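Chains, contacts and geometry: an overview
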Amino acid sequence: MAGKVKWVTDIEKSVLINNFEKRGWVQVTENEDWNFYWMSVQTIRNVFSVETGYRLSDDQIVNHFPNHYELTRKDLMVKNIKRYRKELEKEGSPLAEKDESGKYLYLDFVPVTYMLPADYNLFVEEFRKSPSSTWIMKPCGKAQGKGIFLINKLSQIKKWSRDSKTSSFMTQSTKEAYVISLYINNPLLIGGRKFDLRLYVLVSTYRPLRCYMYKLGFCRFCTVKYTPSTSELDNMFVHLTNVAIQKHGEDYNHIHGGKWTVHNLRLYLESTRGKEVTSRLFDEIHWIIVQSLKAVAPVMNNDKHCFECYGYDIIIDDKLKPWLIEVNASPSLTSSTANDRILKYNLINDTLNIAVPNGEIPDCKWNKSPPKEVLGNYEILYDEELAQGDGPDRELRSRPGQSLGPRGGRSRDSGRTVLTTWK
């Protein structure tokens, strides 16, 4: 091995540093020559900015794509998915098929969403169609549940507008952008509580798209039993699953952290709803993740120095339909429990094994297609190059609930579910 990997990070987390040190890598400062930089989204902005940016050499890699926000900002993710649906419709793709009421049969996986203040009039029109519905407001650029609130009256939005330092929805420059989405008020409950899924997805390249699903995702539970009652709209312990919020609740459990493994969820659903239905649900979850990545692939700056591990947040409703809520560019590496620490340490370990082959000084010209033996707890979710060999009817056959070709969906390998090439 020609020298050791020199690493830098501006995120002081033990799960990162322990992984670097275990490999015998050498810590340096950002002003020295480095090979691997695990950086915050603020730093990545500087690295690739026109004013402050610099040219990366072939032996340097970083953990974000330059414009990851096309997927990880709530408003841009929705905008890109809407554009993707329109493009498929224009092409006459069977994926863009609609029912009699004009709803997408397969691409309806994001709750109805508008940008505020830009789409205020469109939102009002939609709100008036079903005035008894509840909506959730989120600031576009924040995480961990900050700035989120629920509304069920137009007057609440008008109050928010007044409180946001401007009297008119037309003056956008001074106002922070928000998205407002139809609130999923029929979530699947376990033990009477609402939960969501946090799934980790690694993208090594967008063109061709190659992504991996981490098998050890988890569910995050609310500490207070769910009620759709309007009297509890302000109670975030009922509605928001973010650990940053729930850990302040009276009933928060510091041992299990209000978390369940995806494996346990699967066992629970198989025993209560049946194996076939559960398999279909997980097929759909994997499918919508791939579709979301395909939606942003054309606009993503596919820089060869980059890879990215995303935190996908999915909610399942009581009809077992999965909904994509948001995608995080910097999923939390803070450990809330002992199991959490182990999971996140292994997540980083497996991510590095794919991103930095053999732990050697990187060469970003490599084909980013690691051998199966190094994947650890990752499974290949979609490989565009392999999928393209499956012919033009591939899209039609690989929709959730359809029969899948030999290299799509679930194949059985020693009783294990193996994700192969989705299209």
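To be clear, the structure that these remarks concern was listed above.
It should be emphasised that the depicted structure is a prediction, and the values quoted were computed from it without experimental measurement. Position numbers for residues start from 1 in each chain and track the written sequence from start to end. Residue-level local features of this predicted model are given only where pLDDT is at least 70; pairs of side-chain atoms are given and counted only at 80 or more, and the full residue set underlies all totals for whole chains, interfaces and linings. To get the side-chain values, all heavy atoms of the structure are used, and hydrogens and water are removed first.

1. Focus: the environment of Asn80
The test is simple: Where helices and strands are cited, they refer to DSSP runs of H or I of at least four residues and of E of at least two residues respectively, numbered from the N terminus. Throughout, a contact is declared for two residues whenever any of their heavy atoms are within 4.5 Å.
The residue Asn80 is located in helix H4 (residues 74-91) in this model. Ignoring any residue separated from it by four or fewer positions in sequence, one finds Asn80 in contact with Glu70, Ala295, Val296 and Val299.

2. Some remarks on the sheet that holds strand S6 (residues 135-139)
For clarity, the cut-off: One bridge is not enough; two strands pair if DSSP finds at least two bridges between them. Note on method: axes are straight lines fitted to C-alpha atoms, helices fitted across the in-contact stretch only, with angles between N-to-C directions ranging 0 to 180 degrees.
Taken together, the four strands give an open sheet; going across it, the order is S5-S8-S6-S7, and neighbouring strands pair in antiparallel fashion. Across the chains shown, the open sheet's two edge strands, defined by having one partner strand only, are strand S5 (113-116) and strand S7 (149-151). Adjacent strand axes in the sheet meet at a mean angle of 30° when their direction is disregarded. Sheet strands touched by H4: S5, S6 and strand S8 (178-182). Its angle to S5, the strand with the most contacts, is close to 130°.

3. Some remarks on the nonpolar core
Applied cut-off: In plain words, nonpolar cores are sets of buried Ala, Val, Leu, Ile, Met, Phe, Trp, Tyr and Cys residues tied together by side-chain atoms within 4.5 Å. Relative accessibility thresholds used throughout: buried, under 20% of the residue-type maximum; exposed, over 50%; partly exposed, between the two (1.4 Å probe, protein chains only).
Ranked by size, the top nonpolar core spans 65 residues in total, and within it Leu71, Tyr206, Leu293, Tyr310, Tyr312 and Leu324 carry the most contacts. Looking at this core element by element, the count peaks at 10 residues for helix H10 (residues 275-296). Ranked by size, the runner-up nonpolar core spans 29 residues in total, among them Val5, Phe20, Phe307 and Leu343.

4. Considerations on the pattern of salt bridges
Worth spelling out the cut-off: Salt bridges are defined as contacts in which a side-chain nitrogen from Lys or Arg sits within 4 Å of a carboxyl oxygen from Asp or Glu.
Using the criterion set out here, one finds 17 salt bridges in the structure. When the shortest N-O distance is used, the salt bridge between Arg73 and Asp75 registers 3.0 Å. Among the residues examined, Arg73 registers a relative accessible area of 29% and is labelled partly exposed. For the salt bridge of Asp340 with Lys344, the shortest nitrogen-to-oxygen distance reads 3.2 Å. Of this pair, Asp340 and Lys344 both sit in helix H11 (residues 338-355), four residues apart, which is roughly one turn of the helix. Three or more residues are tied together by salt bridges with common partners; here these are Asp196, Arg198, Arg220 and Asp313.

5. A word on the sheet that holds strand S2 (residues 26-27)
Two pairing modes exist for strands in a sheet, parallel and antiparallel, and in both the strands are linked by backbone hydrogen bonds. Here we have four strands laid out as an open sheet, ordered S2-S1-S3-S4, and parallel in their pairing. Pairing within the sheet leaves two strands with one partner each, and these edge strands are S2 and strand S4 (61-62). Pairing between strand S1 (residues 6-9) and strand S3 (residues 36-38): three bridges, direction parallel. When the sheet's bridge partners are listed, Thr9 is paired in S3 with Trp38. Sheet contacts for helix H1 (residues 14-22): S1 and S3; angle to S1, the most-contacted strand, approximately 175°.

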